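Fold and contact review
Residue strings, one per chain:
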Amino acid sequence: MTNFCFVSVNGIDLSRFAKWIFEETANDINTLVELGFIRNENKILYINEVMRDMVIEEFKPSVSACENLIKSLRLECLTYGLDKFYYNEMFDFIENMINKIFVDNTELFLNFIGEAFSYADKYNDLPVMKKVITEYSYYIKNNLTDNVSFKGLYYMFKAVYLITKYENNFNTALKFIEKGINVIEENLNSETKHLLGNLYSMYGNFKLQDNPKTNKLIIIEYYQKAYKLYEECGTLYSYDGYCLARRIATVYASMKRYNEAIDILETFAKYFKPDTIPNSREKFNFLLKEGRMNTITEYTELICDIYTIKKFIGRNAEYEKQIMSKIENISDNNKISQVIYN
C-alpha cells in the first residue's frame, strides 16, 4: 500500500505498476481495490487523497520499504537510450516520491534521483531536474553524504539545467563543470572515473558550443581524456561512449581529418550493430545497464555519419547506402553533415 502513496492524481497503468513493484500477478492490487483503498477504472489505478495522507502519516513510506519500486524506476531511467511513451506518468510518480518519501538510505535515494535527472533532461522536464538539484544541494550542504560522486554530479546537473533552461548560458555552465572536474580529479578512483569522463566530454562539448572558433585541438584533448577514462573503467561502449565518439568525429570532420573521423565511427558501428546483440547475453546485459537498448537508433546514426563523410570526400559508401536504404525514418539532424557542408 505504501507504494501507492506516490501515484499522481492522473493515476497509473495497472500492469506497469505491478511490474514496477515486482508483482507477478495483480492479486494483491485487486485485493486493495476490493477493500476500497484504491480504484481501478479501465485498468488505471487511482488513490483517494485522504487515503494517501492517512497511509503516509501511519506508515511513513521510506526508501528502504520501497526499494523494489526504486530499483524498477531507476532501471527505467538508466535506459535513457529508449523513448518511453509513458514518460510523463513516470515523471509524475518520481516527483511525488521526491516530495513524500522518507529518506532512510541516502546513497540509494541520491543514486535513484540522479538517474531520474538524466532521463528528465532527455525530455527537458525542468521541474523534475530542479527538484533533483535541490535535493542534492540539501544533502551536500548539510554534510549528509560524504560520497564525492554526488558532489561532482551536483555541479554537472547545475550546468545541464542552465543550458536546458536558458539555452546559451554556456559561460556559467562551464564554471560549474570546472568545479565538478576539480572535485573528482582530487578524489579519482575506480568509482569516479566514468563520471570524470562525462565531465571532460561535457566540458569539451559546451566549450565548443560557447565558441565554435575555439582551437579544436583543445576540444580534442578533453575528448581524448574522456575516451581514455571510459576505456580504463570498461564503459567505452556505453551510451556515453557513443555520444563521445560522435562528438570526436564531428570535430575531426571540421578539421578535415576525415579518415580519423571515419575510423572512430566505424569502430563504434561494429560494436553497436544490432544483429550482434542476441549472440551475447553478457553484451545484452551490459547494453541494458548502460542505457543503450535502442541500438538500432545509435547504429543508424553512426552509419549516416560514415556515409556522409565518405560521400563528401569521394570514397565508396555503397555498404552504408545499402544499410540506410533498409532503415526508415533516418534523422535529418546530422551534425556531421552540418559541419562538412557549411
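In what follows, the accompanying structure is described. Residue positions within a chain follow its written sequence, with the count starting from 1. Only residues with pLDDT of 70 or above have their local features reported here, since the model is predicted, and side-chain atom pairs are shown and tallied only from 80 upward, although totals for entire chains, interfaces and linings are computed over all residues. In computing side-chain properties, one takes all heavy atoms of the structure into account and sets aside hydrogens as well as water.

1. Things to note about the overall build of the protein chain
Helix and strand counts for the protein chain stand at 17 helices and three strands. Classification of residues uses two cut-offs on accessible area relative to the type maximum, computed with a 1.4 Å probe and protein chains only: under 20% is buried, over 50% is exposed, and between them is partly exposed. In the protein chain, which comprises 342 residues, the share counted as buried stands at 50%. Note on definitions: a residue-residue contact is assigned when non-hydrogen atoms from the two residues lie within 4.5 Å. Sequence-distant contacts in the protein chain: of pairs separated by 6 or more residues, those separated by 24 or more amount to 70%. Here the accessible surface of atoms and residues is derived via Shrake-Rupley with a 1.4 Å probe, and residues count as covered only by protein chains that are part of the display. By element, 47% of the accessible surface of the protein chain is carried by carbon and sulfur atoms, the whole surface being about 17,500 Å². Secondary structure elements are defined from DSSP: runs of H or I of at least 4 residues count as helices, runs of E of at least 2 residues count as strands, and each element is numbered from the N terminus.

2. Some words on the pattern of salt bridges
Opposite charge on two side chains makes pairing possible when the charged atoms of those side chains draw close. Should a side-chain nitrogen of Lys or Arg be within 4 Å of a carboxyl oxygen of Asp or Glu, the pair is scored as a salt bridge. Scanning all chains against the criterion turns up twelve salt bridges. The partner of Arg52 in a salt bridge is Glu49, with the nearest N and O atoms 2.9 Å apart. Linking Arg52 with Glu49, this pair stays in helix H3 (residues 49-59), spanning three residues, or about one helical turn. Between Lys71 and Glu67 there is a salt bridge, with its nearest N and O atoms 3.3 Å apart. Of this pair, Lys71 and Glu67 both sit in helix H4 (residues 67-78), four residues apart, which is roughly one turn of that helix. The class of Lys71 is partly exposed, set by a relative accessible area of 44%. Through salt bridges with shared partners, one network takes in Arg246, Glu301 and Asp305.

3. Regarding the sheet that holds strand E2 (residues 38-41)
Here three strands make up an open sheet; going across it, the order is E1-E3-E2 and the pairing antiparallel. Every other strand in the sheet has two partners, leaving strand E1 (12-13) and E2 as the edge strands with one partner each. Two strands are counted as paired when DSSP detects at least two bridges linking them. Sheet analysis places E1 next to strand E3 (residues 44-47), joined by two bridges and oriented antiparallel. Across the sheet, residue Asp13 finds its bridge partner in E3, namely Ile44.

4. A few points about unusual backbone geometry
Of note, the phi angle at Asn42 is positive, near 55 degrees, even though the residue is not glycine. Its location among the elements puts Asn42 in the loop between E2 and E3. Given a relative accessible area of 77%, Asn42 falls into the exposed group.

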